[in-house]
Amino acid sequence: MADCLTPAEMSAALNGINRSQQQWRIVDGRLHTTFMFSDFSQAFAFMTQCALAAEKLDHHPEWFNIYNKVVVDLISHDAGGITALDFALAARMNNAISR
């Protein structure tokens, strides 16, 4: 099980992943963002690509999709908070959108 990050570690990690156009933030103890696409097909293709990355990390998102919007919350339930794995998956999601 991974250890939860400290507030200072989360702040530094947020600075790292927010260098892309996608902005992540901490909301209710979870790493949160919303991805917007031009249509459902693009949103679903993004989710498919991210699902494969999540499976490789063995770390799975809480997410919600409606038409062209994908809302993502990341948390390490077994650790009881946000860990480095959450930021690793967020970075992969950012990479998926920039392709």
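Residues numbered from 1 in each chain as written. Predicted model: local features only at pLDDT ≥ 70, side-chain atom pairs only at ≥ 80, totals over all residues. Heavy atoms only, no water.

## Quick notes on the packing of helix α2 (residues 40–57) against helix α3 (residues 84–97)
Here is step 1: Where α2 meets α3, the closest approach of the two axes is 10 Å, and the angle between their N-to-C directions is 150°. Remark: the crossing between α2 and α3 carries right-handed chirality. Packed against α2, whose contacting residues are Phe-46, Gln-49, Cys-50, Ala-53, Ala-54, Lys-56 and Leu-57, the element α3 presents Leu-85, Ala-88, Leu-89, Arg-92, Met-93, Ala-96 and Ile-97 at the interface.
Here is step 2: For the contact of α2 with α3, the per-class residue count stands at eleven nonpolar, one polar and two charged. (Axes fitted to C-alpha atoms, helices over the stretch in contact; angles between N-to-C directions. Helix = DSSP H or I, 4+ residues; strand = E, 2+ residues; numbered from the N terminus. Left-handed = near helix turned anticlockwise from the far one by under 90°. Contact = heavy atoms within 4.5 Å. Nonpolar A, V, L, I, M, F, W, Y, C, P; charged D, E, K, R; others polar.)

## Regarding the side chain of His-59
Here is step 1: Here His-59 is to be found in the loop between α2 and β3 (62–66).
Here is step 2: Those residues within four positions of His-59 in sequence are excluded, and the remaining contacts are Ala-54, Ile-75, Ser-76, Leu-85, Asp-86 and Leu-89.

## Topic: the pairing of β3
Here is the key point about a regular strand: its side chains alternate between the two faces of the sheet.
Here is step 1: One ladder, built from five bridges, connects β3 with strand β4 (residues 69–74); its direction is antiparallel. In the strand pairing of β4, Asn-65 is matched with Val-70. (Pairing = 2+ DSSP bridges.)

## Thoughts on the packing of aromatic side chains
Here is step 1: If you walk through the whole model with that rule in mind, you get four aromatic pairs.
Here is step 2: Summarising the aromatic geometry, the rings of Phe-35 and Phe-46 are spaced 4.6 Å apart at their centres and angled 45° between planes, so their arrangement reads as tilted. A residue pair is termed long-range when its members are at least 10 positions apart, and Phe-35 in strand β2 (residues 30–36) and Phe-46 in helix α2 qualify at eleven residues. Of the two residues, Phe-35 and Phe-46, both sit in the buried class.
Here is step 3: Site record: aromatic cluster; members linked through ring pairs are Trp-24, Phe-35, Phe-37 and Phe-46. (Phe/Tyr/Trp six-rings, centres within 6.5 Å; stacked < 30°, edge-to-face > 60°. Buried < 20%, exposed > 50% of the residue type's maximum accessible area, 1.4 Å probe, protein only.)

## Here we look at the environment of Met-10
Here is step 1: Following the sequence through the fold, Met-10 ends up in helix α1 (residues 7–17).
Here is step 2: Spatially, the C-alpha atom of Met-10 lies 8.4 Å from that of Thr-83, the residues being 73 residues apart in sequence.
Here is step 3: Contacts of Met-10, omitting those with residues within four sequence positions, involve Leu-5, Ile-26, Ile-82 and Phe-87.

## Some words on the confidence of the model for the chain
Here is step 1: Averaged over every residue, the pLDDT of the chain is 93; residues scoring 70 or more account for 97%.
Here is step 2: Per-element mean pLDDT across the chain ranges from 93 in α1 up to 98 in β4. (pLDDT = per-residue confidence, 0-100.)

## Looking at a nonpolar patch on the surface
Here is step 1: Together, Phe-40, Phe-44, Phe-64, Ile-66 and Tyr-67 make up an exposed nonpolar region whose accessible area comes to about 540 Å².
Here is step 2: Sorting the residues of the nonpolar patch by element identifies α2 and β3 as the ones contributing at least two each.
Here is step 3: A residue is classified by how much of its surface remains accessible, and Phe-40, at 38% relative accessible area, is partly exposed. (Patch = residues over 30% accessible without salt bridge, like charges linked within 9 Å, V, L, I, M, F, W, Y side chains within 5 Å. Areas by Shrake-Rupley, 256 points an atom, 1.4 Å probe, with all protein chains shown as cover. Salt bridge = Lys/Arg side-chain N within 4 Å of Asp/Glu carboxyl O.)

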